[in-house]
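Now for the letters of each chain:
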Amino acid sequence: MEISIEKTAQDCISAISEKVRNLKTLNIIVAGKTGVGKSTLINSMFRENLAETGIGKPVTQHMRKISKKGVPLNIYDTKGFELGKDAQKEVKKEILDTIKSGLAGTDVNKAVHCIWYCINTASNRVEPEEIEWLRDLARENTITEVPIIIVLTQSFSKPNAEAMKNLIEDENLDVVQVIPVLAQDFVVDEEYTKKAFGLDALLAVMTEVLPDELQDTLQNVQRASLKAKKLRAQTAVASATAAAFGEGFSPIPFADCALLIPTQVAMIAGITAIYGLDINKSIITAFVSSALGTGSATIAGKTIASNLLKLVPGAGTVLGGTISGATAGLITTALGEAYILLMEALYKGDLKEADLMTDAGKKKLKDLFKKKMKEKKDEQATS
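What you are looking at is a predicted structure, and each value in this text was computed from that prediction instead of being measured. (Residues numbered from 1 in each chain as written. Predicted model: local features only at pLDDT ≥ 70, side-chain atom pairs only at ≥ 80, totals over all residues. Heavy atoms only, no water.)

Some points on the layout of surface pockets
Thought 1: Of the voids in this model, the largest pocket is the one considered here, and its volume is about 220 Å³.
Thought 2: Lining the largest pocket, in full, are Ile13, Ile16, Ser17, Val20, Arg47, Gly70, Asn220, Gly276, Leu277, Asp278 and Ile279.
Thought 3: Looking at the lining of the largest pocket, the element that brings in the most residues is helix H1 (residues 5-21), giving four residues.
Thought 4: For the lining of the largest pocket, the residue count by class is five nonpolar, four polar and two charged.
Thought 5: Its boundaries defined by the atoms lining it, the second largest pocket holds a volume of some 190 Å³.
Thought 6: Lining the second largest pocket are Asp200, Leu203, Ala204, Thr207, Glu208, Gln215, Gln219, Ser225, Lys227, Ala228, Leu231 and Arg232.
Thought 7: Only helix H6 (199-209), helix H7 (215-221) and helix H8 (226-245) provide two or more residues apiece to the lining of the second largest pocket.
Thought 8: Tallying contributions element by element places H6 first for the lining of the second largest pocket, with five residues. (1 Å grid on protein atoms, 1.4 Å probe; cavity = no way out; pocket = protein on both sides within 12 Å on 5 of 7 lines; lining within 4 Å. Points joined across faces, edges and corners; volume = space filled by probe spheres on them. Helix = DSSP H or I, 4+ residues; strand = E, 2+ residues; numbered from the N terminus. Nonpolar A, V, L, I, M, F, W, Y, C, P; charged D, E, K, R; others polar.)

A few points about helix H9 (residues 261-275)
Thought 1: Taking 1.5 Å per residue, 15 residues should reach 21 Å; H9 reaches 21 Å between its end C-alpha atoms and fits that length.
Thought 2: Among the 15 residues in H9, 12 count as buried, and that is most of the element. (Expected span 1.5 Å × (residues − 1). Buried < 20%, exposed > 50% of the residue type's maximum accessible area, 1.4 Å probe, protein only.)

Description of the packing of aromatic side chains
Thought 1: Counted according to the given criterion, the structure contains five aromatic pairs.
Thought 2: A centroid spacing of 6.4 Å and a plane angle of 70° characterise the contact between Tyr275 and Tyr347, whose relative ring orientation is edge-to-face. Here the residue Tyr275 occupies a position in helix H9, and Tyr347 occupies one in helix H12 (residues 325-348), the gap between them amounting to 72 residues.
Thought 3: Where Phe287 meets Tyr339, the ring centres are 5.0 Å apart and the plane angle is 65°; that geometry is what we call edge-to-face. With Phe287 in helix H10 (residues 281-292) and Tyr339 in helix H12, this residue pair connects regions lying 52 residues apart in the sequence. (Phe/Tyr/Trp six-rings, centres within 6.5 Å; stacked < 30°, edge-to-face > 60°.)

Some words on the side chain of Lys165
Thought 1: Among the structural elements, Lys165 can be located in helix H5 (residues 158-169).
Thought 2: Contact partners of Lys165, with chain neighbours within four places excluded, come to Leu152, Val178 and Pro180. (Contact = heavy atoms within 4.5 Å.)

Focus on the nonpolar core
Thought 1: Ranked by internal contacts, the top residues of the largest apolar core, which has 41 residues, are Ile271, Ile284, Phe287, Tyr339, Leu342 and Met343.
Thought 2: Elements supplying a minimum of two residues to this core: H1, H8, H9, H10, H12 and helix H14 (359-382).
Thought 3: Looking at which element gives the most residues to this core, the answer is H12, with 11 residues.
Thought 4: Beyond its immediate stretch of four places on either side in the chain, Phe287 contacts Ile268, Leu335, Ala338, Tyr339, Leu342 and Leu365.
Thought 5: Among the nonpolar cores identified, the runner-up in size contains 32 residues, and Leu26, Phe46, Ile75 and Leu218 belong to it. (Core = buried A, V, L, I, M, F, W, Y, C linked by side-chain atoms within 4.5 Å.)

Quick look at the confidence of the model for the protein chain
Thought 1: Put simply, the protein chain has an average pLDDT of 85, and 84% of its residues get 70 or more.
Thought 2: In the predicted structure, residues 295-301 sits below a pLDDT of 50 and forms 23 contacts with residues beyond four places in sequence or in another chain. (pLDDT = per-residue confidence, 0-100.)

Things to note about the pairing of strand S4 (residues 63-66)
Thought 1: Pairing geometry for strand S3 (residues 57-60) and S4, over three bridges, is antiparallel. Looking across to S4, one finds that Lys57 is bridged to Lys65.
Thought 2: In this structure, the hairpin formed by S3 and S4 is closed by a connection of two residues.
Thought 3: Sheet topology note: the S4/strand S5 (residues 73-78) ladder contains four bridges and is antiparallel. Opposite Arg64, over in S5, you have Asp77 as the bridge partner.
Thought 4: Linking S4 back to S5 in an antiparallel pair, the connection comprises six residues, with Gly70 at a positive phi of about 90°. (Pairing = 2+ DSSP bridges.)

Here it is in structure tokens:
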């Protein structure tokens, strides 16, 4: 069997586009008084600065829908909570109506998946009316059971935030968790800056409460934790590795080694979707050609196997022109973990697309893959 590096790269791009296009849409309602820092929280948690001024269209009198093309996320931002009892009741009704409307059908893309209720920690108090409002909301949310998370925004003082957290928890509200957050670094003076914290904790709770079909979406849209993206990407690698092992560690003929490519293409697409990066064909071509040890030529499965096995100390022992399922899994794991490192470098800006077009950049990619191959082989030998 023969494959073209050029075609493989194009297959990756097509698979990435399809994966991203098919991500489920995450819908979150964000409520709280005006000025509690909802926009800062949204922009700090999610990519693309969703809550910039002017973005969003009215849904109801007190609610607007914030979204951006290409981002599988809708934020329903409520307004005017503090405008009196009637407005409070109306806000609650609009939230519940929005939840029920989403549940009327079976489309997960239209359902409300979570509610954030924001309270400003810097105010140093929780209004009794807010507690009662939350209690009523949770009571009427019993049937739909949309997870409610209380976010203590602008938590400049951790002791104050912890005291407020304890106070709210003593109310025994039917909420998932109370999480103090400082969404952005806060400059106190020229000598001290209070570092942001808490977004990773909020993300962790979201990961726990959201269904599996929304986990890739959550990682795609969030920018609060690179570690969380990596953990999710590693699950994609594990799934691809299991597929590469095959039933009963079946030997794979050299000539059929290229049959692993579709599994690895799907893995690369899944990882790319998780990182939420705009990856073009040049980047993918550089990665694939570096991993397989050739240029843009058409190469046979036997050549692919030979090129890869050269990178695996001791794994190149061939019996009857085959490689083992274990070695196939090792190759897939190394490929996936090397690609994760590439995504991280691009995500952090440590590596640019232009770097990958140079001889030094291509060598760096090949060395990266070779290093991962050796690590996986060493792990396999000691397990």
